[in-house]
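Residues per chain, in single letters:
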Amino acid sequence: MITSLLVANRGEIARRIFRTCRDLGIATVAVHSDPDAGAPHVREADTAVRLPGAAPADTYLRADLLIAAARAAGADAVHPGYGFLSENADFAQAVLDAGLTWIGPPPAAIAAMGSKTGAKRLMAGAGVPVLTVGEEPTEADLPLLVKAAAGGGGRGMRIVRDLAELPAALAAARAEALAAFGSDEVFCEPYLPTGRHVEVQLMADTHGTVWAVGDRDCSLQRRHQKVIEEAPAPGLTARQRTELHRAAVDAARAIGYVGAGTAEFLLAPDGRLAFLEMNTRLQVEHPVTECVTGLDLVALQIAVAEGEALPAEPPATTGHAIEARLYAEDPARDWQPQTGTLHRLELAHPHAEFTTTAAPAGLRLDSGVDDGSTVTVHYDAMLAKAVAWAPTRAAAARRLADALARARIHGPATNRELLVRALRHPAFLDARLHTGFLTEHAADLTAPDGKDTPLAALAAALADAAARRTALPSGWRNLPSQPQVKRYRAADGGEWEVRYRIGRTGLDAEGHPGTRLVESAPGLVLLETGTLRQTFRVAAHGTAVWIDGPHGATALTALDRFPDPAQRTDPGALLAPMPGTVVRTAAAPGDTVTAGQPLLWLEAMKMEHQVTAPADGLLTELRVAPGQQVEPGAVLAVVQPA
């Protein structure tokens, strides 16, 4: 029996595993890097062990430090979570060699699936259909997807639509794969832009039982990384579902699999299924399977590791569950990751609270952050996973979209608006899903939201005045006077000037005739226009202001009335869009460049981000070098337009 378990991971998945451990009466041990010293998963564990350093390569990817931490804390088992070393056969073997219980499949099974190229050969031998491309791709094979053989999560992947682009794509994928997984092996497979990503949750014990615990659709992706997942996969015929489950079980049996895992497949538009890969670990999207089955997959992992036998058959699925990954990123700006302080993450709902249980429930929240957490450049940008369960798919989508729309999220920009629009999109509701969905509908999903920003800005100014007033309302005058003036900048760069007076007749706001101030407080403003009364909740942190109103959330930055001319940047200056590390450069001062030409690459949150020339011209300055850390807004280069 396991008495104390170390989670060799961080954030949301560490908290998720700790939750089950508390239910089972198992003591918990957390590990943490220096940036994570105050993270929620560290506070929630019974014991925490420091891993000195910040970069994953120095902390969460150090097998020797993780095993030493388990020994120092007296843990007798290790759960790897997902990511980091969760699919590293050498780490699994080292845990076993240290006399600890490994909560995962046998090292041999991990090794068999560790290389996607090797896994495909093995699956083909077992009769499982696979996607293949010859060693020398031709025009007939286009488009191609270059993939890292040793990893996943969208890293080390490139789409190639022209053979002339293949060498550069291979080089970029190899560099990213080496940095992320320690191996630069890559391969090519056919890219089906309208194919669906479907998968089967597997659970196997040491007594020969292998479960296909239902299926999922994870087709809504950005940069080959999942964003919205659901169970069961909609629109499958009974024959397709049977074929899918049989192929997954055959794949598991072919490698003597034990524990939780996932077999991933591509469903082509013509209905053909092809094996993609097998993830020898718990998946990020496992909550949707838990919600439709009532299972606790982490508890089952632990039970299997302790030698318990599974029942002959898994439980049947009930209803439908949909999960949305909330990321600190800006979809309208090429999914740029965002950093900073998360002042508030409140996904409460007026009719049902989010739960953290694994049983079927209306709403569930799995999060790695709390109010006040810092989102850093070192790790993945995911803040939380919001899950909704309902008897039908349409009801689950509506419940989740409504909960996300009502959420109060104050801090770095997120993909919340895109998630809400995707869940409400007619094509999604009709289950017309494929891996290019977000790209195909990008115009609808990232267009300006049409919120009443001027009215939100007025609410922000009135809340600010309420926070400053003493005996009399700020701006109140017995006689006519100059209006109060407040300026704000919106997230899209637009600026808004608020001008108002508060006198004997009440509020007189320019641009808002007939609008009456019902109530104002530092965090709450009620405005009435005609018979329509609207409530705005306002939160300010420094110059950043968040206004949650009836039509959604608005983020504004309060501006100085007299800006400092020294803060202006020269025309043609390229500013760092995020904190990160310069990976490499592709031009030098004095070079003639063309619009869109790559000048340098920044690495942030485990992804590379290209910085390109804004116009044709001359690169007059390059102020950074490979290996250099940069902060948001730092001048990287200057291009003098032709």
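Here, the structure is the one placed above.
Residues numbered from 1 in each chain as written. Predicted model: local features only at pLDDT ≥ 70, side-chain atom pairs only at ≥ 80, totals over all residues. Heavy atoms only, no water.

Caption draft 1: Main features of the pattern of salt bridges. Across all of its chains, the model carries 44 salt bridges by this definition. Here Asp 366 ties to Arg 19 by a salt bridge, and the two come within 3.5 Å at their closest N and O atoms. Of this pair, Asp 366 sits in strand 19 (residues 363–367) while Arg 19 is found in helix 1 (residues 11–24), placing the two residues 347 residues apart along the sequence. Here Asp 366 and Arg 19 have matching classes, each one buried. A salt bridge links Asp 464 to Arg 468, with the shortest nitrogen-to-oxygen separation between them at 2.8 Å. Linking Asp 464 with Arg 468, this pair stays in helix 16 (residues 453–468), spanning four residues, or about one helical turn. For Asp 464, a relative accessible area of 25% corresponds to the partly exposed category. (Salt bridge = Lys/Arg side-chain N within 4 Å of Asp/Glu carboxyl O. Helix = DSSP H or I, 4+ residues; strand = E, 2+ residues; numbered from the N terminus. Buried < 20%, exposed > 50% of the residue type's maximum accessible area, 1.4 Å probe, protein only.)

Caption draft 2: Looking closely at helix 9 (residues 286–293). For helix 9, the buried fraction is high: eight of the eight residues fall into the buried class. Where helix 9 is concerned, the buried positions are His 286, Pro 287, Val 288, Thr 289, Glu 290, Cys 291, Val 292 and Thr 293. Once helix 9 ends, the next one or two residues include Gly 294, with phi positive near 80 degrees.

Caption draft 3: Layout of the packing of helix 11 (residues 393–406) against helix 12 (residues 416–424). Running from N to C, helix 11 and helix 12 point in directions that differ by 155 degrees, and their axes come no closer than 9 Å. Between helix 11 and helix 12, the interaxial angle falls into the category roughly antiparallel. The way helix 11 lies across helix 12 gives a crossing that is left-handed. Residues Ala 397, Leu 400, Ala 401, Asp 402, Leu 404 and Ala 405 of helix 11 form the contact with helix 12, whose participating residues are Arg 416, Leu 419, Val 420, Leu 423 and Arg 424. (Axes fitted to C-alpha atoms, helices over the stretch in contact; angles between N-to-C directions. Parallel < 35°, antiparallel > 145°, perpendicular 65-115°, else oblique. Left-handed = near helix turned anticlockwise from the far one by under 90°. Contact = heavy atoms within 4.5 Å.)

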